[in-house]
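# Understanding the architecture of this molecule
The chain contents come next:
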Amino acid sequence: MLINCPHCGTRPIEEFTFNGDASPQRPQSQDMNAWYDYIYLRHNPKGRFDEYAHHSSGCRAWLVVTRDTQTHEVFAAVTAKDYARERGTP
Amino acid sequence: MTGFRLDKGGLIDRTTTLNFSFDGKVFTGFQGDTLASALIANNVHLMGRSFKYHRPRGVISAGSSEPNALVTLREGGRQEANTRATMVELYDGLAARSQNRWPSLNFDVGAVNSLASHMFVAGFYYKTFMWPKSFWEKIYEPLIRRAAGLGHASKEADPDKYEKAYAHCDLLIIGSGPTGLMAALTAARAGVRIILADESAALGGSLLNENEEIDSVSGLDWALAALSELRSLPNVTLMPRTTVFGWYDGNVFGAVERVNDHVAEPSPYEPRQRYTRIFARRAVMATGAEERPIVFGGNDVPGVMLASAMRTYANRYAAAAGKSIVVFTNNDSGKRTASDLRRAGVHVEAIIDSRKTAHLIVDVKGGKRVTGVELGNHRSIPCDAVAMSGGWSPIVNLMCHRGAKPLWNESIAGFVPPDVGSAFVAAGSAAGHMLLSECLADGARAGTMKGRVPAVPKCRDERFAVTPLWWVKESTGKAFVDYQNDATAKDLPLAAREGYRDIELAKRYTTAGMATDQGKLGNVNAIAILADATGRTMDQVGTTTFRPYYTPVSFGALAGPFVRHHFQPVRKTPLHDWAYELGATFVEAGLWMRSSWFPMDGEDWLAAATREVLATRSGVGICDVSTLGKIDVQGPDATEFLNRLYCNTFSTLAAGRARYGLMLREDGIVFDDGTTSRLAEDHFLMTTTTANAARVMAHMEFCHQAHWPDLDVQYVSVTEQWGQMAIAGPKARATLQKIVDDITLDDTSFPYLAARPVSILGGMQARLFRISFSGEHAYELAVPADYGSMVARAVMQAGQEFGITPYGVEALSIMRIEKGHVAGGELNGTTTAGDLGLGKMMSTKKDYVGRMMAQREGLQDPNRQCVVGIRPYDPKGKIRSGAHILNKGDAASMAADQGYISSVAWSPMLEMWVGLALVANGRSRHGEIVKLFDGIRNTLTYGVICDPVHYDRENIKLHA
Amino acid sequence: MKYSVFSLLKNTLSGHKNWAPAWRDPEPKKEYDVIIIGGGGHGLATAYYLAKIHGITNVAVLEKSWLGSGNVGRNTTIIRSNYMLPGNNPFYEWSMKLWEGLEQDFNFNAMVSQRGVLNLCHTDAQRDAFARRGNAMRLDGVDAELLDAQGVREMYPFLDFANARFPIKGGILQRRGGTVRHDAVAWGYARGADLRGVDIIQNCEVTGIKTNSGKVVGVQTNRGYIACRKLGLAAAGNSSEVAAMAGLKLPIESHVLQAFVSEGLKPYIDGVITFGAGHFYVSQSDKGGLVFGGDIDGYNSYARRGNLPMVEHVIEAGVAMIPGLSRVRVLRSWGGIMDMSMDGSPIIDKTPIDGLYLNAGWCYGGFKATPASGWCFAHTIAKDEPHKLNAAYRMDRFARGHMIDEKGQGATPNLH
Amino acid sequence: MPDLFIRVSPLSDIAIQGRFGADHGVPGVMFSLPAPSHMVTVIARKGKAKALAQALKNFDARWAGPDQYFVWGEPYETVSGKLKGLASCSDQSHGRVVIGIVGPHVRQVLAKGSPIDFHPAEFPVGKSALTQMAHVGVHVTRVGADAFEISVFRGFSESFWEWITEQAEEFGYQVT
Ligand SMILES: Cc1cc2nc3c(=O)[nH]c(=O)nc-3n(C[C@H](O)[C@H](O)[C@H](O)COP(=O)(O)OP(=O)(O)OC[C@H]3O[C@@H](n4cnc5c(N)ncnc54)[C@H](O)[C@@H]3O)c2cc1C
Ligand SMILES: NC(=O)c1ccc[n+]([C@@H]2O[C@H](COP(=O)([O-])OP(=O)(O)OC[C@H]3O[C@@H](n4cnc5c(N)ncnc54)[C@H](O)[C@@H]3O)[C@@H](O)[C@H]2O)c1
Ligand SMILES: Cc1cc2nc3c(=O)[nH]c(=O)nc-3n(C[C@H](O)[C@H](O)[C@H](O)COP(=O)(O)O)c2cc1C
Ligand SMILES: [Zn+2]
């Protein structure tokens, strides 16, 4: 599997470390249920999926990679910074 | 023809004779032979024994699909089992041994199995061996295991080297037959970067084996010309002896090059094999087609082989499979076989073409060598070899490695590759084109990256037409579908009858297709027979799942150079040389090598560590602590960042001071700890535990980039920039005073938790921290790494008058346990700040990672196991880490479990064993006597729970 | 038809023409008392014990593909009960006890083979952790032995003691651990359940779950609607997908785990060995192939195949542990979809929806659990409350903060 | 800081000068250990990336991550002084070991470790990248048609040296 790092260009997954679903957002509230949901519950979709990937053996940027969990086709990769700024705070 | 080596022809070099042996018997062959062709030329056909029935078996194919002719090569650490004789290039002195037979290939006791073969049908194992219960493991299974398996693997280390590599190209072409060559020529001439890989020793594919005509020269000459043109081009990489074994996500291909398997021993500078990950923008699967056996009685008797293989042995290796041949075919290649063999001077006794006669072969006569065949009409024909052709299967494997299934094509009677997009296309016979002209045209098409497809050379076409014949049902002899696993035609209907109708279930029940050839020859026949037995079409039954590896790959190739002590890189500290000079014993700590203790004449680790502790606590000691993670954190928002990462507050930390910090995971469990110093208003130096350094860094990057991208903070690991040493003990200050320039280390100018740049040894910029893990009056001195050992020596010099002693991680750990400081044993990923007695550190005034989830009932439960001290009830007694703690009166059971001992040490100061433990509600149980259950070491003793701080609870020495 | 020496001889004489099918191939009925989604080990075992122990026989097991096509048919077959944290061992030890009598119980040879499971350790800290674990096992009445380097060497002299990057300091051995022929487990339970009247319906994919005022009433399938009173989910890697049909969101991620088999060899490794300085475990199948595996690939996946980096990791570790493997060839590798839970431990529980029960979160340890999982799930479904053996495997443990995290990795599924 | 003190490279007694590996005439590659100099990690402060890139034109600055560089040849004090307000600087002069590798087979050697395509069209002279080789993170810069400079963490340098020189054996190599 190859990922096109916005900083480094196309690199294979051996240079990356994955950290699961990028869609849950760290709650601002003190609501325990919101936190439980954020920490523990996952949609875990079959198909298109936004996933945190750390270019740990490269530029060390955290990326959000959009990928199909069934075909492993990689559609896009953006930096986690842009992704976070894009969606703003919950 | 004299003997079985043809007088002329073939791509062998008759001027270079090679000696080799098979089962100790010595033979000769020629350069260019394979082991199989050389044996055939010596009229040796019995090359192996089958898996279950131990039937005599000869070579079936001339390539990598060979199921029968598996041999063991080489000796000792180089011994290699199950090697296909058809793929072994002959070299002088080659010694091959047959397998799966006892006492000898010729006389194999295991063959008695075939007497009971009527009982040994598919699934037989599952129905029996159940009574009496105990017999399975004691009797049946050991017998089965000994009978099963093929060759013996070595238990010695392999002396040869292996390499890994990456390769990149615009176009990868897999297969160098007419299709592959045409594709390569087309692409190469267009100037794109290509790689042409072929598993065979020589490039050219079937053009080396068959009599073809292209551009009015022989197919062979055309191929040689094409290859020399390709060789001359800078954008072309040719990879013979290279098997592309798998297709992976992102159009990454795995390939193994047999760099030196064709020589007795590789040069010391070269690898035996090289594994390459090929990143291809586009790839062409020009892997050709595989001829199929026909399933008929005795189709496994040595001397029965694929027609194309028999042609290949004659044309390419000048070896005759026999003197008198019967050809059995369901397609046009019968004619071609006969003419090639006749041209080679081999007598063709009969051609039995199932499309022309109803009287098919029902049995093959002969045990270890064909003596004749018997037809349905009871007519028998004497012969010493049978050439069979059951049609052709495109080699679709690679294209199916990512889940796509091939499709049945009626007109060629074979499965053709699925469409998997333009990045990987099939061409030539692999795509179902059986005519040479089609292959050339298809190759040119596949090799064209853009623009129009160039014209291709004219060629002569052999007719191709096939009418399926799968199984001669009237067969009287055993008819095999999967040779190596001894799956017969009858096994499949049986599996279906018993409910294993799905092809995947039938495969598992009969093991057809599960041998080392992965059913390259047998699977399509199996599918057809199952379809017939269950009244389904080929498409309805479908194929089993194609998986890597196209052919089996050695562990060595995939491990590459990362074996034995090179398995993982070694990481050495800046003080390594210094510690080494002093005779330190080193221990692995992750990838680091750390000085563990410094034995003096004959001391064991405990004696050494004890001495080191005593010397440190009474005088001064020096210890390498360079492995602690060090992260430079800077920027206007550095303080805010640390406040959010740590559960305690850092905004209140003054410049020039250090503070102990505790980090939680977002789930509220303790993650890591360490002291962080404020070097300037906007500049911190964070330290982490050795074990978590990398994870903490990744965690910071995650929190910053994913949660708080707008914080103006910069951080980078400076772990390797600094050699860091702890200088501890009553004389630490006096020692250091001698090497620091112009500063007095008293409590006012350099108090506890001071952290400042200092100049030492007359001008070296260093950093000094007054922090202590040992509980002594102690400092940590950080110096630029290249000076590390030198400074350590200087400190030793300075401390000499105080009897300074180097100490290692063993002594370090003894001292931290004496002081009740938590470390790895307690920071185990399941403990909370409260469990560690650090609950008070959790700020209530700010948000930080882990704050919310730490409030869950289960993490607040007063009955949680928390850190206490533990000592043996009998002061002379011993306690051990890992022992569990039970209430004094309770019998041993998990229900009564109160916790366990997480760390222990022999305390030189208290002269007894002391430890730390995690005990339910432990803080309120100091003084309680408990049972210490260490059943795994057969001891049951008593202990006393106490305060975790065993030594100098008042911290008098720390502040002394 | 009972399998016995006699039935075998009888059928041999009649040319094996009269073997009865191991299971029927029934059409789905309109309604069942209990429907189990998932014809894997756990689903089939659940049906078997529902029928055998609880006398509930109007049961269907719906399998979207062929019987045992899931993880039960693709795992590395290791069974053990060597856990550390309270709540785990009693369950896995019960599983071990069931394994020990299983073949006679369901009259099918599943080749249960207690060849011993040895975990190696390479540091003092690892040894201490093994001691802690071994003692927990002993406290639970499970067999466990702590070996020093010499003890390991006597069992497996061909491990790398000479030149290893991470020296072998010892290991923890459970002699009663071992391997079981994976496919046979599915087939044995299927046959046993079928004989007791359970309908095993292959190629029947559940596409929807129908509830009525908070209660399950049936399932939509590619073969039509089927009504039921109770519904058990045992869909392993697909648990999230199936639970979502009932509006449930699970503490689970799906990940791919690869496994490997070598070419057939004469007996080479007698028991099961797991490496402690890299992720690698290996045993030898009765056919002679070395069956081995390592870690999950690390990215979320529903594809039953992995990529090269993990292949290399696993094989590097293998050769690091056993240098002699260098010239052995790997024959085939494949993948399965792991239901990785947030603390590495499973869930066997009721759900907020009346009549809907969940069995999931097995990570890569659920094969050994098959008998106990089926046994406990059957109890939970029949009695509408968990048995005390699965009392720790409640879904609400995460919200309440009672995780069972043997590895101490926290809510990071790909690290369990 | 002026080097009043003798810096001891971790490779000093491992990288022995001479000719090793196969002998096909000219060495396939030559390894050198550029004399220890200064290396400073420079990371742009928020919103200062462009200004920093501009300021770095007067330095030997090599890309080392998003808005991050290794500045070679000038001491930490100088660099941090000149870039005050633009960037955060950290001295790495002792933290990384630099290995120079040049020769006709240099790409083949690097290809045994890194997944990067070092074809000149893809990786021109002057380009830097962060990648991994032999389980070790490396920073690599193309300094000539077939010349590269690689830096690794000090602690790994010995292992890395052993590995990379072994990869060059088949071509024959020289240590200068
Ligand atoms: C490579 C690998 C190695 C492993 N090694 C071990 C090991 O050594 N020891 C060990 O204890 N465990 C091991 N495991 C884990 C173990 O195999 C699993 O935890 C266990 O098999 C899961 O339970 P199961 O058998 O019921 O799952 P499965 O066999 O996967 O059963 C689930 C079934 O549900 C079906 N299904 C899913 N969705 C639907 C639907 N909508 N409708 C109908 N049916 C559906 C699937 O088709 C599947 O057949 C391993 C797993 C893998 C993949
Ligand atoms: N006699 C017949 O009836 C008949 C039937 C089919 C094809 N043919 C002829 O065979 C020829 C087919 O030409 P082609 O070029 O398509 O195929 P080919 O058989 O000539 O070449 C295929 C090459 O691919 C290589 N290969 C296969 N799998 C590989 C892998 N995984 N890795 C590396 N190499 C691999 C093989 O070693 C072989 O050299 C045509 O001339 C066609 O007419 C004849
Ligand atoms: C314990 C075990 C042993 C196996 N042994 C073999 C074998 O000897 N030969 C073989 O071809 N496949 C073997 N396999 C792999 C299967 O062929 C198959 O790949 C695996 O069950 C996954 O199924 P799939 O590849 O059809 O998806 C084995 C699998 C397991 C779990
Ligand atoms: Zn990157």
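Everything that follows concerns the structure shown earlier in this document.
All of the points below concern the structure found in this document. (Residues numbered from 1 in each chain as written. Chains lettered and ligands numbered in written order. Predicted model: local features only at pLDDT ≥ 70, side-chain atom pairs only at ≥ 80, totals over all residues. Heavy atoms only, no water.)

## Observations concerning the packing of helix α2 (residues 41–52) of chain C against helix α9 (residues 370–383) of chain C
All names here are of chain C. Spelled out, the test is: To obtain each axis, a line is fitted to C-alpha atoms, and for helices this fit is confined to the stretch in contact; angles are then taken between N-to-C directions over 0 to 180 degrees. Helix numbering and strand numbering both begin at the N terminus, where a helix is a DSSP run of H or I of at least 4 residues and a strand a DSSP run of E of at least 2. When an angle is under 35 degrees it counts as roughly parallel; over 145 it counts as roughly antiparallel; between 65 and 115 it counts as roughly perpendicular; any other value is oblique. Crossing handedness follows the turn of the near helix against the far one: under a right angle anticlockwise gives a left-handed crossing, and clockwise gives a right-handed one. By definition in these notes, contact holds between two residues if any of their heavy atoms fall within 4.5 Å. Three classes are used, and their members are as follows: Ala, Val, Leu, Ile, Met, Phe, Trp, Tyr, Cys and Pro are nonpolar, Asp, Glu, Lys and Arg are charged, and the others, Gly among them, are polar.
In the contact formed by α2 and α9, the axes pass within 7 Å of each other and the chain directions differ by 55 degrees. Relative to α9, the element α2 lies oblique. Judged by the twist between their axes, the crossing of α2 over α9 is right-handed. Contacts between α2 and α9 involve G41, H42, A45, T46, Y49 and L50 on the former and, on the latter, T370, P371, S373, G374, W375, F377, A378, I381 and A382. For the contact of α2 with α9, a count of residues per class yields nine nonpolar, six polar and no charged.

## Overview of the site of ligand 3
For clarity, the cut-off: Whether a residue is near a molecule or strand depends on its heavy atoms: if one lies within 4 Å, it is near. What qualifies as a polar contact is a pair of N or O atoms within 3.5 Å, subject to a donor-acceptor requirement within protein and to the restriction that residues adjacent in sequence count only when both atoms come from side chains. Where accessible areas are quoted, they stem from the Shrake-Rupley method and a 1.4 Å probe; at the residue level, only the protein chains shown are allowed to cover.
Ligand 3 sits among 18 residues. The nearest are B:M514, B:Q518, B:R547, C:G73 and C:R332. Positioned at a junction of chains, ligand 3 has nearby residues supplied by chains B and C. In this structure, an oxygen atom belonging to ligand 3 sits 2.7 Å away from a side-chain N or O atom of B:Q518. Contact with the protein chains hides 95% of the accessible area of ligand 3, taken as 610 Å² for the molecule alone. Those elements that place two or more of their residues in the shell around ligand 3 are α10 (503–510) of chain B together with β16 (329–341) of chain C. Classifying every residue of the shell around ligand 3 gives five nonpolar, six polar and seven charged.

## Considerations on helix α8 (residues 436–447) of chain B
Rule in force here: Multiplying one less than the number of residues by 1.5 Å gives the expected span of a helix. Exposure classes here rest on a 1.4 Å probe applied to the protein chains alone. A residue is buried below 20% of its type maximum, exposed above 50%, and partly exposed in between.
Helix length check: α8(B) (12 residues) gives 16 Å between terminal C-alpha atoms against 16 Å at 1.5 Å per residue, within 8%. All of the buried residues in α8(B) are B:L436, B:C439, B:L440, B:D442, B:G443, B:A444, B:A446 and B:G447.

## Structural notes on the state of the cysteines
All names here are of chain C. Worth spelling out the cut-off: Two cysteine sulfur atoms make up a disulfide if the distance between them is within 2.5 Å.
Under the definition given, this model contains zero disulfides over all chains. The thiol of C228 is unpaired, and the distance to the nearest cysteine sulfur, on C204, comes to 12 Å. Using a relative accessible area of 3% as the deciding quantity, one classes C228 as buried.

## A few points about the packing of aromatic side chains
Here is the rule: The pairing test for Phe, Tyr and Trp rings, Trp by its six-membered ring, is centres within 6.5 Å, and the orientation test on the planes gives stacked under 30 degrees, edge-to-face over 60, and tilted for anything in between. Distance and angle both matter: a charge sits over a ring if NZ of Lys or CZ of Arg is within 6 Å of the ring centre and within 35 degrees of the ring normal.
Per the stated rule, a full pass over the model turns up 67 aromatic pairs over all chains. Their ring planes at 65 degrees and their centres at 5.7 Å tell us that B:Y787 and D:F5 sit as a pair that is edge-to-face. Pair noted here: B:Y787 is in the loop between β43 (778–784) and α19 (788–799) and D:F5 is in the segment before β1 (18–20), and the two residues belong to different chains. A relative accessible area of 0% means that B:Y787 is categorised as buried. Overall, the relative accessible area of 13% leaves D:F5 in the buried class. Note on C:F106 and C:Y189: the rings are 5.1 Å apart at their centroids and 90 degrees apart in plane angle, and the pair reads as edge-to-face. One end of the pair, C:F106, is in helix α3 (residues 88–106); the other, C:Y189, is in helix α6 (residues 182–195), and 83 residues separate them in sequence. Accessibility classification places C:F106 together with C:Y189 in one group, the buried group. A connected cluster of aromatic rings, assembled from ring pairs, spans B:Y126, B:Y500, B:Y509, C:Y3, C:W19, C:W23, C:Y48, C:Y49, C:F106, C:F108, C:W187 and C:Y189. Against the face of B:Y900 rests C:R132, its NZ or CZ located 3.6 Å from the ring centre.

## Quick look at the site of ligand 1
Residues and elements named next belong to chain C. If you check the shell around ligand 1, you find 36 residues, and the closest are E63, N71, V72, T76 and K368. One of the backbone N or O atoms of V206 is found 3.0 Å from a nitrogen atom in ligand 1. Between ligand 1 and the protein, one listed contact pairs an oxygen atom with a backbone N or O atom of K368 at 2.7 Å. Relative to its unbound accessible area of 990 Å², ligand 1 is 98% covered by the protein chains. Those elements that place two or more of their residues in the shell around ligand 1 are α2, β12 (252–262) and β16. Looking at the shell around ligand 1 residue by residue, the class counts come to 17 nonpolar, 14 polar and five charged.

## Digging into the sheet that holds strand β4 (residues 60–63) of chain D
Residues and elements named next belong to chain D. For clarity, the threshold we go by: Two strands pair if DSSP finds at least two bridges between them.
Spatial strand order, β4-β5-β3-β6: four strands in an open sheet with antiparallel pairing. In this open sheet, the two edge strands, each paired with only one partner strand, are β4 and β6 (87–91). The mean angle between the axes of side-by-side strands here comes to 30 degrees, regardless of whether they run parallel or antiparallel. When β4 meets strand β5 (residues 68–72), the two strands line up antiparallel, connected through four bridges. By the bridge assignment for β5, A61 is matched with V71.

## Brief notes about the coordination of the zinc ion (ligand 4)
Six octahedral donors around a metal ideally sit at 90 or 180 degrees from one another, while four tetrahedral donors ideally sit at 109.5 degrees. Residue and element names in this part refer to chain A. For clarity, the threshold we go by: Keep in mind that water is not among the atoms, so a site may look incomplete; donors are the N, O and S atoms within 2.8 Å of the metal, or 3.2 Å for Na, K and Ca. For four-coordinate sites, all angles between 85 and 135 degrees define a tetrahedron; for four- and six-coordinate sites, opposite donors beyond 155 degrees with the remaining angles between 65 and 115 define square planar and octahedral shapes respectively, and all other cases count as irregular.
Note on the zinc ion (ligand 4): its protein donors are C5 (SG), C8 (SG), H55 (ND1) and C59 (SG). The metal-donor distances range over 2.0 to 2.4 Å. Of note is the zinc ion (ligand 4), whose four donor atoms meet at the metal with angles of 102 to 115 degrees in an arrangement that counts as tetrahedral. Binding-site remark: the zinc ion (ligand 4) is held by donors from one chain whose sequence spacing is C-x2-C-x46-H-x3-C. Of this pair, C5 sits in strand β1 (residues 2–5) while C59 is found in the loop between β4 (48–54) and β5 (62–68), placing the two residues 54 residues apart along the sequence. Like C59, C5 is buried.

## Digging into the interface of chain A and chain C
Applied cut-off: In short, buried area is how much 1.4 Å probe accessible area vanishes from two parts on joining, totalled over both. A pairing counts as a salt bridge when a side-chain nitrogen of Lys or Arg comes within 4 Å of a carboxyl oxygen of Asp or Glu.
Taken residue by residue, the interface counts 24 residues in chain A and 27 residues in chain C. The junction of chain A with chain C conceals about 2200 Å² of combined surface from both sides, 54% of it contributed by carbon and sulfur atoms. The largest contributions to the chain A side of the interface with chain C come from A:Y40, A:N44 and A:K46, which together make up 31% of the buried area. Here chain A is connected to chain C by two salt bridges. Note that C:E253 is salt-bridged to A:R42, the shortest N-O span being 3.3 Å. For the interface between chain A and chain C, the tally reads 15 residue pairs in polar contact (both at pLDDT 80 or more). Among the secondary structure elements, those contributing two or more residues to the side of chain A that touches chain C are β3 (17–21), α1 (32–40) and β4 of chain A. Its residues placed into classes, the side of chain A that touches chain C shows nine nonpolar, eight polar and seven charged.

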